[in-house]
Amino acid sequence: MLSEQTGFEKSNHFVYLNFTNHKSIKMKYFLLSISLIIFLSCESPQKESPNDLTKEIISVVYMSINNKSDSQIDDFSYYYQKQMKALEPDVLSWRFFKSGSEKITLIERYKNEGAILNHIKNVSPQGVMEEDFVKFMDHFVVDSLTYYGDLTNDFKKTIESFGMKTIYSTDIAGFSK
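The structure presented is a predicted model; accordingly, all values stated were derived computationally and were not measured.

## Here we look at the overall build of the chain
And then number 1: Summing up its helical and strand segments, the chain has six helices and five strands in all.
And then number 2: Listing each helix as α and each strand as β along the chain from the N terminus yields α-α-β-α-β-β-α-α-β-α-β.
And then number 3: When each of the 177 residues of the chain is scored for burial, the buried share is 26%.
And then number 4: A separation threshold of at least 6 residues defines the contact pool for the chain, and within that pool the share at least 24 residues apart is 65%.
And then number 5: For the chain, the accessible area works out to roughly 12,800 Å², and carbon and sulfur atoms hold 57% of it.

The following block contains the structure:
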């Protein structure tokens with residue numbers, strides 16, 4: 001009777017079920033394997049390559065105040081650092097310091113060399129911060145720059161084209177969090 005209803009004999013029916021069950025088990029193992037791979041890749045910390053440890057660049061800009069009052073410098077410095085925070089996500093830190101009579105030190109921390117090049121693009125003509133940079137140069141006169149970190153020769157040539165006294169210090173060892 002079973003063979004009349006299904007077209008399979010009883011023994012063939014069990015073979016078909018075993019085959020289906022075997023496919024189901026394979027699929028379960030496949031899904032379990034994929035789930036474990038995804039879980040482990042999300043849970044295990046990503047290892048940094050040795051190059052990742054030295055990508056951060058620190059820039060120290062020594063400046064003189066350009067005929068502005070203390071309150072004008074304070075107000076503009078607060079405004080400018082807010083702009084940097086909002087418009088440049090790869091800038092890790094941007095801080096103005098009073099460093100003597102009529103002197104300001106600006107310490108900038110960048111994720112990498114590309115972040116500095118992006119900043120240069122942003123303050124250049126037609127950049128998103130062009131007008132802000134004009135105001136920056138109205139408030140400050142850049143006396144010199146010091147870069148800490150490993151920079152390419154192409155980057156150094158770009159900075160040299162601005163005609164500012166610049167010192168470069170390469171990494172020996174260190175870390176950032």
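The discussion continues.
## Looking at the sheet that holds strand E4 (residues 140-148)
Neighbouring strands of a sheet are bound in pairs by backbone hydrogen bonds; such pairs are parallel or else antiparallel.
And then number 1: Read from one edge of the open sheet, five strands run E2-E3-E1-E4-E5, paired in mixed fashion. The sheet is open, and its two borders are formed by strand E2 (91-98) and strand E5 (166-169), each paired with just one other strand. Looking at each pair of strands side by side, their axes are set apart by 15° on average, direction ignored.
And then number 2: Relative to the sheet, helix H4 (residues 113-123) contacts strand E1 (57-65), E2, strand E3 (103-110) and E4, its axis offset from that of E3 by approximately 125°.

## Describing the environment of Ser99
And then number 1: Its location among the elements puts Ser99 in the loop between E2 and E3.
And then number 2: Looking at Ser99, the relative accessible area reads 41%, which means it is partly exposed.
And then number 3: Sequence spacing of Ser99 and Tyr62 is 37 residues, and the spatial spacing of their C-alpha atoms is 8.9 Å.
And then number 4: Those residues in contact with Ser99 that sit more than four places away from it in its chain are Ile104 and Thr105.
And then number 5: A distance of 2.9 Å separates a polar atom in the side chain of Ser99 from a polar atom in the side chain of Thr105.

## A closer look at the nonpolar core
And then number 1: Within the largest apolar cluster, 27 residues are counted, with the highest numbers of intra-cluster contacts made by Met63, Tyr80, Trp94, Phe96, Phe136, Phe140 and Tyr147.
And then number 2: Those elements giving two or more residues to this core turn out to be E1, helix H3 (70-87), E2, E3, H4, E4 and helix H6 (153-160).
And then number 3: Ignoring any residue separated from it by four or fewer positions in sequence, one finds Phe96 in contact with Met63, Ser77, Tyr80, Gln81, Ile104, Thr105, Leu106, Phe136 and Phe140.

## Observations regarding the packing of aromatic side chains
And then number 1: Under the defined criterion, the tally for this structure stands at twelve aromatic pairs.
And then number 2: The positively charged end of Lys156 is found above the aromatic ring belonging to Tyr168, 5.1 Å away from the centroid.

## Focus on the side chain of Thr146
And then number 1: Inspection of the secondary structure assignment puts Thr146 in strand E4.
And then number 2: Judged by relative accessible area, Thr146 falls into the buried class, the value being 6%.
And then number 3: If near-sequence neighbours (up to four positions away) are discounted, Thr146 is found in contact with Ile58, Ser59, Val60, Tyr62, Ile167 and Ser169.

## What about the environment of Ile57?
And then number 1: Secondary-structure assignment places Ile57 in strand E1.
And then number 2: We classify Ile57 as buried; its relative accessible area is 0%.
And then number 3: Taking the C-alpha atoms as reference points, Ile57 and Val91, 34 residues apart in sequence, are found 9.7 Å from one another.
And then number 4: Residues contacting Ile57, with those up to four places away along its chain left out, are Glu108, Arg109, Tyr110, Asn112, Glu113, Ile116, Tyr147, Tyr148, Gly149, Asp150 and Leu151.

Thresholds applied
- Residues numbered from 1 in each chain as written.
- Predicted model: local features only at pLDDT ≥ 70, side-chain atom pairs only at ≥ 80, totals over all residues.
- Heavy atoms only, no water.
- Helix = DSSP H or I, 4+ residues; strand = E, 2+ residues; numbered from the N terminus.
- Buried < 20%, exposed > 50% of the residue type's maximum accessible area, 1.4 Å probe, protein only.
- Contact = heavy atoms within 4.5 Å.
- Areas by Shrake-Rupley, 256 points an atom, 1.4 Å probe, with all protein chains shown as cover.
- Pairing = 2+ DSSP bridges.
- Axes fitted to C-alpha atoms, helices over the stretch in contact; angles between N-to-C directions.
- Polar contact = N/O pair within 3.5 Å; in protein donor to acceptor, adjacent residues only side chain to side chain.
- Core = buried A, V, L, I, M, F, W, Y, C linked by side-chain atoms within 4.5 Å.
- Phe/Tyr/Trp six-rings, centres within 6.5 Å; stacked < 30°, edge-to-face > 60°.
- Lys NZ or Arg CZ within 6 Å of the ring centre and 35° of its normal.

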